Amino acid sequence: MEYSNTITLRVWGRYALFSDPITRVGGEKFSYPVPTYQAVKGILESVYWKPTFLWVPDAIRILNPIETESKGIRPVRYNDGKNDLSIYTYLKNVAYQVKAHFEWNLSRPDLAEDRIEHKHYQIAKRMLERGGRRDIFLGARECQGYVEPCGFREGPGAYDKSPPMPLGLMVHGITYGDEDGSGQMSERLWRPVMREGVIEFLRPEECPIIRPIRRQKIKTFLPGENFQGCDTLYEEAATNGMA
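Sequence order as written defines residue numbering, which begins from 1 separately in each chain. Local features are withheld for residues below a pLDDT of 70 in this predicted model, meaning they are given only at 70 or higher, and side-chain atom pairs are given and counted only at 80 or more; totals for whole chains, interfaces and linings count all residues. Side-chain numbers come from the whole structure's heavy atoms, not from hydrogens or water.

**Focus: the overall build of the chain**
Applied cut-off: Labels follow the DSSP assignment, with helices taken as runs of H or I lasting at least four residues and strands as runs of E lasting at least two, numbered in each case from the N terminus. We call two residues contacting when some pair of their heavy atoms lies within 4.5 Å. Note that accessible areas follow from Shrake-Rupley with a 1.4 Å probe, and for residues the cover is restricted to the protein chains shown.
Secondary structure assignment for the chain yields four helices and twelve strands. For the chain, the proportion of contacts with a sequence separation of at least 24, taken over those separated by at least 6, is 70%. Summed over all atoms, the accessible surface of the chain reaches about 13,000 Å², with 51% contributed by carbon and sulfur.

**Details of the packing of aromatic side chains**
Note the cut-off: For this analysis, a ring pair means two rings from Phe, Tyr or Trp (six-membered ring only for Trp) whose centres lie within 6.5 Å, classed as stacked if their planes differ by under 30 degrees, edge-to-face if by over 60, and tilted for the remaining angles. Here the term buried applies to any residue with accessible area under 20% of the maximum for its type, exposed to any over 50%, and partly exposed to those in between, with areas from a 1.4 Å probe on protein chains only. In our convention, an over-ring charge means Lys NZ or Arg CZ found within 6 Å of a ring centre and within 35 degrees of that ring's normal.
Taken as a whole and assessed by the stated rule, the structure comprises eleven aromatic pairs. Each ring, one from Trp190 and one from Phe201, has its centre 5.9 Å from the other, and the planes form 40°; the classification is tilted. Highlighted residues: Trp190 in strand β9 (residues 184–190) and Phe201 in the loop between β11 (198–200) and β12 (209–215), separated in sequence by eleven residues. For the pair formed by Trp190 and Phe201, the shared burial category is buried. Over the face of the ring belonging to Tyr15 we find Lys71, whose NZ or CZ atom lies 3.7 Å from the ring centre.

**Some words on the pairing of strand β8 (residues 170–175)**
Basically, it comes down to this: Here, strands pair whenever DSSP counts at least two bridges between them.
β8 sits mainly inside the fold: five of its six residues count as buried. Judged from the five bridges that link them, β8 and β9 form a sheet pairing that is antiparallel. Bridging across to β9, Met170 finds its partner in Trp190.

**A look at the pairing of strand β6 (residues 144–149)**
Alignment of strand β1 (residues 7–16) against β6, held across four bridges, turns out to be antiparallel. Paired with Trp12 across the bridge in β6 is Tyr146. For strand β5 (residues 136–137) and β6, the ladder comprises two bridges, and the chain directions are antiparallel. Within β6, the residue paired with Phe137 across the bridge is Gln144. A loop of six residues connects β5 with β6, the two strands running antiparallel in sequence, and Gly139 in this loop sits at a positive phi of about 90°.

**Thoughts on the environment of Asn5**
Worth spelling out the cut-off: Polar contacts here mean pairs of N or O atoms no more than 3.5 Å apart (in protein, one a potential hydrogen donor and the other a potential acceptor; neighbouring residues in sequence count only if both atoms are side-chain atoms).
Note on placement: Asn5 falls in the segment before β1. The class for Asn5 is buried, based on a relative accessible area of 6%. Among all residues touching Asn5, those that are not within four sequence positions of it are Ala100, His101, Phe102, Glu117 and Tyr121. Separated by 2.9 Å, the side chain of Asn5 and the backbone oxygen of Phe102 make a polar contact.

**Regarding the nonpolar core**
To keep things clear, this is the line we draw: Note on terminology: a nonpolar core comprises buried Ala, Val, Leu, Ile, Met, Phe, Trp, Tyr and Cys residues joined through side-chain atoms within 4.5 Å.
Among the nonpolar cores identified, the biggest contains 47 residues, and Leu9, Phe18, Trp55, Ile60, Leu138 and Val147 are the most heavily contacted of them. Among the secondary structure elements, those contributing two or more residues to this core are β1, α1 (37–47), β2 (53–62), β4 (86–104), α2 (117–129) and β8. With eight residues, the top contributor of residues to this core is β4.

**Here we look at the environment of Arg126**
Tracing the backbone through its elements, the reader meets Arg126 in helix α2. Put simply, Arg126 and Val47 are 79 residues apart on the chain and 9.3 Å apart in space, counted from C-alpha to C-alpha.

**Focus on α2**
Structural remark: α-helix, 3.6 residues per turn; residues separated by three or four positions point the same way. Keep this limit in mind: Under the convention used throughout, the expected extent of a helix is 1.5 Å for every residue step, that is, one less than its residue count.
Relative to the 18 Å expected for 13 residues at 1.5 Å per residue, α2 spans 18 Å between its end C-alpha atoms, a close match to the ideal helical length. Taken residue by residue, α2 has Lys119, His120, Tyr121, Ile123, Ala124, Met127 and Leu128 as its buried positions. One or two positions beyond α2, positive phi appears at Gly131, with a value near 90°.

**Thoughts on the side chain of Thr89**
Tracing the backbone through its elements, the reader meets Thr89 in strand β4. Of note is the side chain of Thr89, whose polar atom sits 3.1 Å from the side chain of Ser70. The residues contacting Thr89, other than those within four sequence positions of it, are Leu17, Lys29, Phe30, Ser31, Thr68, Glu69 and Ser70.

**A word on α1**
Along α1, eight of the eleven residues are buried, which leaves the element largely enclosed by surrounding structure. Turning to α1, its buried residues are Tyr37, Ala39, Val40, Lys41, Ile43, Leu44, Ser46 and Val47.

**Here's the deal with the confidence of the model for the chain**
What counts, and what does not: Predictor confidence is given residue by residue as pLDDT, running from a minimum of 0 to a maximum of 100.
Averaged over every residue, the pLDDT of the chain is 87; residues scoring 70 or more account for 87%. Here residues 230–235 is modelled with pLDDT under 50, and outside its nearest four sequence neighbours on either side it reaches twelve contacts, counting other chains as well.

Given below as structure tokens:
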């Protein structure tokens, strides 16, 4: 399905670490073979984000062969601040195409006046052309990423002619308390299948497994105090060539 505010982008980098939470228990990290929904959403938020809307990744296309590389890392231990040796397993030479759109965060009625689709869509496209508003990270701080506009399914991919590939049980993402108005942080899990190199994401509410984590206090945004009004933002965007 195509939305009026759909954007498509190419994401790439030398390394990525979309870590499986199970492997974090012993201090060592092992990457999932593909990005999670939450990781893709984080990349989109680094391109452009406002609490007024939520990014919804629709699909991701895997362009390069899935390869891993293990590295010896000396992270700081939480209990005493000393270093310890751990093995982190990264994805290497990654490249993806992403298709996504944004939807209004209806759980934020305090930001209703900022729901101007054309403004946010044009700013998002400008920020994408400039490589993102913030630094792009591919799952971890040490994995620098890069973005640029592209056409979805444009060019060849490593898995274009591959049969369906089930990827097992994976974390889909985290639902924060201010995204659905529940005040409850929850974790979502699903079983993705890659078909001809493409993974179609389920929507968060469609995930078959949802587990509560903890209660969350929802932050309030007040125009003139900790949030600029929509007119001011649009004027600034136009002045800076972003609208």
